[in-house]
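Chain and residue survey
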Amino acid sequence: MTADERLQKAIELMRDAYRHQMAGDLERAIALYKGSIALHPTAEAHTFLGWTYSFQDRLDDAIAECKAAIAVDPDFGNPYNDIGSYLIKLGKLDEAIPWLEAAIGAKRYDPRHYPHCNLGQVYWGKGLLGKAVEEFERALAIEPEYPFARAALASIRKQLN
């Protein structure tokens, strides 16, 4: 199989894995993501494998896959945000901050408002309400109708008044 054929097959497996993941067949999704990575490692496949692990509350495995994604493509911002999100779930707010900041600065990342919302959650959880407001406002500057950011900002403003 040529390198291009391997890449095309890896992409096909990753798409199939995503369909299984969204259908709730996580074990099949995991197997397919691993197959994709074995053929041609991509940051996307590692990130999505990590996301699948997070559905199983395997957050350490999810973080490891995101780190593998970063090793493949350090410009891909999604795994930085995902690590930050997983660390938030683990209650490791201070550890999440540099990962979320890296996601914000990443060259290739979409959706750009997510790391701002996650950073806003960190600051809110730490009682740094002014910084939280700034991050949720940044998220809304990118995605004005994002309901979570709008609700979070309204809640914090109530706390401040």
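Below or above, wherever it landed, is the structure these notes cover. (Residues numbered from 1 in each chain as written. Predicted model: local features only at pLDDT ≥ 70, side-chain atom pairs only at ≥ 80, totals over all residues. Heavy atoms only, no water.)

Residue placement: glutamine 21 occurs in helix H1 (residues 3-22). Assessed through its relative accessible area of 2%, glutamine 21 is described here as buried. A polar contact is formed between the side chain of glutamine 21 and the side chain of tyrosine 33, at a distance of 2.6 Å. Sequence-distant contacts of glutamine 21, that is, excluding residues within four places in its chain, are made with Leu26, Ala29, Tyr33, Phe48, Trp51, Thr52 and Phe55. (Helix = DSSP H or I, 4+ residues; strand = E, 2+ residues; numbered from the N terminus. Buried < 20%, exposed > 50% of the residue type's maximum accessible area, 1.4 Å probe, protein only. Polar contact = N/O pair within 3.5 Å; in protein donor to acceptor, adjacent residues only side chain to side chain. Contact = heavy atoms within 4.5 Å.)

Let's shift gears to the pattern of salt bridges. If you walk through the whole model with that rule in mind, you get eight salt bridges. With a shortest N-O distance of 2.5 Å, aspartate 94 and lysine 126 are connected by a salt bridge. One end of the pair, aspartate 94, is in helix H6 (residues 93-105); the other, lysine 126, is in the loop between helix H7 (114-125) and helix H8 (129-142), and 32 residues separate them in sequence. Since its relative accessible area comes to 52%, aspartate 94 is described here as exposed. Overall, lysine 126 belongs to the partly exposed group, its relative accessible area being 36%. Each of the salt bridges in this network shares a partner with another, and the network as a whole consists of Glu44, Asp73 and Arg108. (Salt bridge = Lys/Arg side-chain N within 4 Å of Asp/Glu carboxyl O.)

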